[in-house]
Amino acid sequence: MRITFQDVFYTYNITGPALPSAHIDGVSFSVDSRETIGLVGANGAGKTTLLQLITGLEKPDRGQITVDGADIHGPDYELSALRSRIGLVFQSPEFQLFEPTVSEDIAFGPRNLGWAEERVHRLVSSALQAVGLDAAIFAGKSIYELSEGEKRRVAIAGILAMEPAFMLFDEPTAGLDDSGRQHITAILHGQKAAGKGYIVASHDMELLLETVSRFIVLENGRLLADFPTGEFAQYCEKLPHILEPTRCMRLVSLLRDKGIPIPDTVRTRDALLDFLDDLTPQKK
Amino acid sequence: MLTFDDVTVVYKNVSGQAKTAIDGISLRIRPGEFVTIMGANGSGKTTFARLCNGLIFSTSGSVCVDDVAVRPDDPKAILEIRRRVGMVFQNPDHQFVSTTVEREIAFGLENLGMDREVMRTRVAEMLERFDLKSARMKAPHQLSGGQKQRLAIASVLVMRPRYLIFDEPAAVLDMRHRRALMQAMLDLFHHTSTNTPHTLINITQHPEEALFSNRLIILHQGKIVLDGPPEKLLLQEDTLVRFDIRPPVEFSAFIRLKKNKFPLTSVDELFLSPIL
Ligand SMILES: Nc1ncnc2c1ncn2[C@@H]1O[C@H](COP(=O)(O)OP(=O)(O)OP(=O)(O)O)[C@@H](O)[C@H]1O
Ligand SMILES: [Mg+2]
């Protein structure tokens, strides 16, 4: 599946729905649904709006959004079919959770797709496992009895259970503990291994560097840059007001300055710590 | 002083099932302390915060703010406690009451019947500090996630409460705004011109934020499992991972470099300023 934006403009309508939105100011790009993409930009740059435009939740004022060449707002286009293929995980889980219990909430999507109850059951339990929630404790819980991090995990599980071909994540790791973060990383790696892509809007550069192959940078509703992950460091120098090296990247250059020969292949925290673990002890 | 004496919170749901969210916590937080609270999802952090300003009450044990007990049967005391303890929530949507950003910030001051001129200065200061000037006439629900969070913080800070509890307000902020928030906390912390010092509690999943504070408390299944200076606790990597906390990368690197006998005396040598 190929998603294409052609000179898309969108202005938030004051009397419109109360979804958090910003302006989109003439954006064009094209992505294949097998790609893994990081969407970055300051608060208010338009990341959330862009994701909502992709699923047709918001309609552009001007310009066109096409999926495999078909205008998603065209007269014969079935938006509901599109939404079952593209799963969006909202930034605020509240916008997404509405069934009385955790398991019913996760089952809602796949049931709506008309899938057999047995399959729905299986999907619910594997989705709970994927986000690190113990089914014995959480399946029957009311969504009002969840902590914020637990809510975010349930919201992610609900989209996963629909097995969409392409996923959009809005700040998936915000508020998650370390093990939650590791579960998200594993989910993204799993999607990728299954040939399914995603767009992750996030400020968590470490997560993105581990999970995406392409970056799209927004600033004030405009597309400022679009580059492969390998060029991240260069773009930090080009766009210092938006992109900056991660703590890990900063530490690597500091350690190199101290004479520790860290190879270029070491980019992530885990890789750096593994390298330091195996470093030959210094002689007295 | 914030005093917890053997406090337990048990949530009961409609079908009668019970969940112990806070499990026998005793603790003192002295005026002028800057405390960071960390812990896994569901470990009880938000429940702890809500206890401090009377949003919920202990099932057993007592919570006191200075000399006032936080109890459900004393509405006047609860009002007083909410004036003393300001809280910035994890999810700002629940917090807004006004039609514009500017009025939202002024709301609490208006309620106190504050002098117009003072009010205008304080609101302007907050709009400036939290980068909300251009959004001042917008409705709170029209803001982006990060802007909402900044508005929530500004509306609490403008009241200058003595105790301030931040429940993960930085979770959806970009780096620039996270830095501005930490700076705002530091400013409050060092604000010594008032004779009653501010007491700050920052709940976070970002371990490096703990380095701004002078005490780190770790919750695990409703209990306090570690309590001490952040720069000491963050070196206990093996213990921390059991509580789903990962030390900042500099600490993890320091531990490994020390093990392999690299000549380092302090983890500070691995930090470039600024901390964030
Ligand atoms: N209203 C409620 N009814 C029943 N159980 C609840 C309720 N609120 C929270 N809990 C449970 O109490 C425990 C503590 O919740 P709390 O919100 O304090 O955790 P937290 O540490 O803030 O988590 P997070 O990092 O996800 O925000 C969790 O297991 C949660 O599921
Ligand atoms: Mg919480």
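Check the entry above for the structure.
Reading the values: rules and limits
Residues numbered from 1 in each chain as written. Chains lettered and ligands numbered in written order. Predicted model: local features only at pLDDT ≥ 70, side-chain atom pairs only at ≥ 80, totals over all residues. Heavy atoms only, no water. Pairing = 2+ DSSP bridges. Helix = DSSP H or I, 4+ residues; strand = E, 2+ residues; numbered from the N terminus. Axes fitted to C-alpha atoms, helices over the stretch in contact; angles between N-to-C directions. Contact = heavy atoms within 4.5 Å. Near = heavy atom within 4 Å. Polar contact = N/O pair within 3.5 Å; in protein donor to acceptor, adjacent residues only side chain to side chain. Areas by Shrake-Rupley, 256 points an atom, 1.4 Å probe, with all protein chains shown as cover. Nonpolar A, V, L, I, M, F, W, Y, C, P; charged D, E, K, R; others polar. Buried area = accessible area lost by both parts, 1.4 Å probe. Salt bridge = Lys/Arg side-chain N within 4 Å of Asp/Glu carboxyl O. Buried < 20%, exposed > 50% of the residue type's maximum accessible area, 1.4 Å probe, protein only. Core = buried A, V, L, I, M, F, W, Y, C linked by side-chain atoms within 4.5 Å.

Turning our attention to the sheet that holds strand E9 (residues 215-220) of chain B. In sheet architecture, strand pairing relies on hydrogen bonds along the backbone and comes in two forms, parallel and antiparallel. Residues and elements named next belong to chain B. Strand order in the open sheet made by the 6 strands is E6-E7-E8-E3-E9-E10, with mixed pairing throughout. In this open sheet, the two strands that pair with only one neighbour each are strand E6 (85-88) and strand E10 (223-228). Neighbour to neighbour, the strand axes of the sheet diverge by 20° on average, direction disregarded. Along the sheet face, helix H1 (residues 45-52) touches strand E3 (34-39), E6, strand E7 (163-167), strand E8 (199-203) and E9 and points at about 140° away from the line of E3. Across the sheet, helix H2 (residues 75-84) lies against E6 and E7, angled at about 65° from E6, the strand it touches most.

Next up on the list: the site of ligand 1. Around ligand 1 there are 21 residues in total, and Ser147(A), Gly149(A), Glu150(A), Lys45(B) and Thr47(B) lie nearest to it. More than a single chain frames ligand 1: its nearby residues are located in chains A and B. At 2.6 Å from an oxygen atom of ligand 1 is found a side-chain nitrogen or oxygen belonging to Ser147(A). Gly149(A) is positioned with one of its backbone polar atoms (N or O) 2.7 Å from an oxygen atom of ligand 1. Relative to its unbound accessible area of 640 Å², ligand 1 is 91% covered by the protein chains. Counting only elements with at least two residues in the shell around ligand 1, the list comes to helix H6 (148-160) of chain A together with strand E2 (18-29) and H1 of chain B. Classifying every residue of the shell around ligand 1 gives 4 nonpolar, 10 polar and 7 charged.

Moving on, we get to the pairing of strand E10 (residues 222-228) of chain A. Note that strand E9 (residues 214-219) of chain A and E10(A) share 6 bridges and pair antiparallel. Counterpart to Arg214(A) in the pairing with E10(A) is Pro228(A).

Residue and element names in this part refer to chain A. Spatially, 4 strands are ordered E2-E1-E4-E5 in an open sheet, and the strand pairing comes out antiparallel. Edge strands, defined here as strands with exactly one partner in the open sheet, are strand E2 (24-32) and strand E5 (70-71). In terms of strand pairing, strand E1 (residues 2-10) meets strand E4 (residues 62-67) through 5 bridges, oriented antiparallel. In the strand pairing of E4, Gln6 is matched with Gln64. Lying on the sheet, helix H1 (residues 47-54) is in contact with E1, E2 and E4; it crosses E1 at an angle near 125°.

The next subject is the interface of chain B and chain A. How big an interface is tends to be expressed through the accessible area that disappears when the partners come together. The interface is formed by 52 residues belonging to chain B together with 47 residues belonging to chain A. Interface area for chain B against chain A, summed over the two sides, is near 4200 Å², with a carbon-plus-sulfur share of 51%. Of all residues in chain B, Asn41(B), Arg246(B) and Val249(B) bury the most surface against chain A, accounting for 17% of the area lost on that side. Here chain B is connected to chain A by 5 salt bridges. Put simply, Asp178(A) and Arg246(B) hold a salt bridge, and the shortest N to O gap is 3.6 Å. On the surface where chain B and chain A come into contact, there are 16 residue pairs in polar contact (both at pLDDT 80 or more). Listing elements by their share of the side of chain B that touches chain A, those giving two or more residues are helix H5 (145-157), helix H6 (175-190) and helix H9 (249-259) of chain B. No other element matches the 7 residues that H9(B) contributes to the side of chain B that touches chain A. Looking at side-chain class alone, the side of chain B that touches chain A contains 21 nonpolar, 15 polar and 16 charged residues.

A few words on H1(A). All names here are of chain A. Within H1, 8 of the 8 residues are buried, which leaves the element mostly enclosed by the surrounding structure. Those residues of H1 that fall on the buried side of the exposure criterion are Lys47, Thr48, Thr49, Leu50, Leu51, Gln52, Leu53 and Ile54. Looking one or two residues past H1, Gly56 carries a phi angle of roughly 75°, positive in sign.

Another point: the side chain of Thr204(B). Mapping Thr204(B) onto the fold places it in the loop between E8 and E9. At 2.8 Å, the side chain of Thr204(B) forms a polar contact with the backbone nitrogen of His206(B).

On to the nonpolar core, then. Generally speaking, a soluble globular protein has its nonpolar side chains buried in company with each other. Ranked by size, the top nonpolar core spans 46 residues in total, and within it Ile106(A), Phe169(A), Phe215(A), Val217(A), Phe227(A) and Leu243(A) carry the most contacts. Formed by 35 residues, the second largest nonpolar core is a distinct cluster that contains Val123(B), Ala135(B), Ala152(B) and Phe166(B).

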